[in-house]
Amino acid sequence: SAMGPCRWQVLLLVVALKVHASGSLGVTRQRALIHSPVFMDLRLKGNCRPISSTATFNPLRNMRRKNIQLKLRPSATKHWDIEAFSPSKINLFLRIIGKRPDGFHDLGSLFQAISLGDDLKISKLAENVPDEFSCNMPGVPTDDSNLVIRAANLFRERTGVKHGLRICLNKTVPAQGGLGGGSANAATTLWALNKLFDYPVTQADLIDWSGELGSDITFFLSSGTAFCTGRGEILESVPRLPQRSVYVIKPEKGLSTPSVFKSLNYDELSQHDPREILRNFYRDHDIDGQEKYINDLEPPAFRLMPELRQIKDVLKEHDFEAVLMSGSGTSIFAIGEPKAEDAFLRSMDRLKSEWGAQVFKAKFLNRGEGKEDWYEPIFCD
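Notes on the structure in this doc start here. (Residues numbered from 1 in each chain as written. Predicted model: local features only at pLDDT ≥ 70, side-chain atom pairs only at ≥ 80, totals over all residues. Heavy atoms only, no water.)

This next bit is on the overall build of the protein. When you go through the protein residue by residue, the secondary structure sums to 12 helices and 12 strands. The buried share of the protein, taken over its 381 residues, is 53%. Restricting the contact set of the protein to residue pairs at least 6 apart, pairs at least 24 apart contribute 73%. Of the roughly 17800 Å² of accessible surface on the protein, a fraction of 51% belongs to carbon and sulfur atoms. (Helix = DSSP H or I, 4+ residues; strand = E, 2+ residues; numbered from the N terminus. Buried < 20%, exposed > 50% of the residue type's maximum accessible area, 1.4 Å probe, protein only. Contact = heavy atoms within 4.5 Å. Areas by Shrake-Rupley, 256 points an atom, 1.4 Å probe, with all protein chains shown as cover.)

With antiparallel pairing, the 4 strands of this open sheet are ordered in space as S10-S11-S9-S12. In this open sheet, the two strands that pair with only one neighbour each are strand S10 (322-325) and strand S12 (358-363). Neighbour-to-neighbour, the strand axes of this sheet turn through a mean angle of 20 degrees, independent of strand direction. Taken together, the 6 bridges between strand S9 (residues 245-250) and S12 define a ladder with antiparallel strand orientation. Following the sheet pairing, Ser-245 is matched in S12 by Lys-363. (Pairing = 2+ DSSP bridges. Axes fitted to C-alpha atoms, helices over the stretch in contact; angles between N-to-C directions.)

This part covers unusual backbone geometry. With omega at 15 degrees, the peptide bond leading from Gly-329 into Thr-330 counts as cis. Its place among the elements puts Thr-330 in the loop between S10 and strand S11 (332-335). Unusually for a residue other than glycine, Asp-198 sits at a positive phi of about 65 degrees. Here Asp-198 lies in the loop between helix H6 (181-196) and helix H7 (203-210).

The structure is reproduced here in structure tokens:
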């Protein structure tokens, strides 16, 4: 029998969802599901945004409200030779050891990859043709200054590959958050190009080259948990940590890393030995959080942006396992789950209203040791 318009719309939605489940829409749509529906809503660009605590996740209602029709984005209809998820990171502790003669600082830090991330798509073009690079996030440079293009140029220089590249970067990780989003994009580019061109170099080669691009890039070529020294480019393998939920709160304002280090008062630095802090994360018995979750860059960042301390104090009211600033800020992360969800949601609404904060829920993320292994999006409850 004939079906009415409403039933046809439902059928089309079911078909579209089946296509999505099959993976043919690529990593972009899958990544949008990493974050909890309690805090996230889907957008057509595959991005995520925080919503109020009173909102509910209802794609049909949202489509009606926005008069959105189901259709593939132009980028989703293109063929891509390779698609990869580009994670972010948090610093479970960050100790500043001292300033080096080259102007950088020696540090000791436990890095952990998390499932808040971006999507990277690459296709091979003909030899000796210009690259085509696009990004969905306003303000992100699309010229040779972008770490993705710098990583691609370095890969071609070292391997002799002459192909141009078509690259699409769909970003979710906020800038100036201490989350290493740009560094992860560069590492993901190196890994993806090595796979795309049938592994002309080893993983060790990629790690060696990555230090030339930036301090944090090397970490993302690890398994996702690493003790980092030097200026962050020297990796030491450590065991994976137990799975944890992570809430990341990023206020609208950011801070540049140089400005935070410029405000650093060396008399305020922690006296805890970084390796002793590292051992505390692997002891069987509970250790006081003050003996583990340390960030020497919090005092200068809080001086430059006092609302960061207020955000941290708000999160500490909800009895998380730990609350700490990541890297040089301005993201504050909380590990575990809040004891009272409704109260937590109200607090997040207030942070959004007062400081334009974005709230993301993620999980610890790791990858295998094989050359073909890379980070995969995971679901949050």
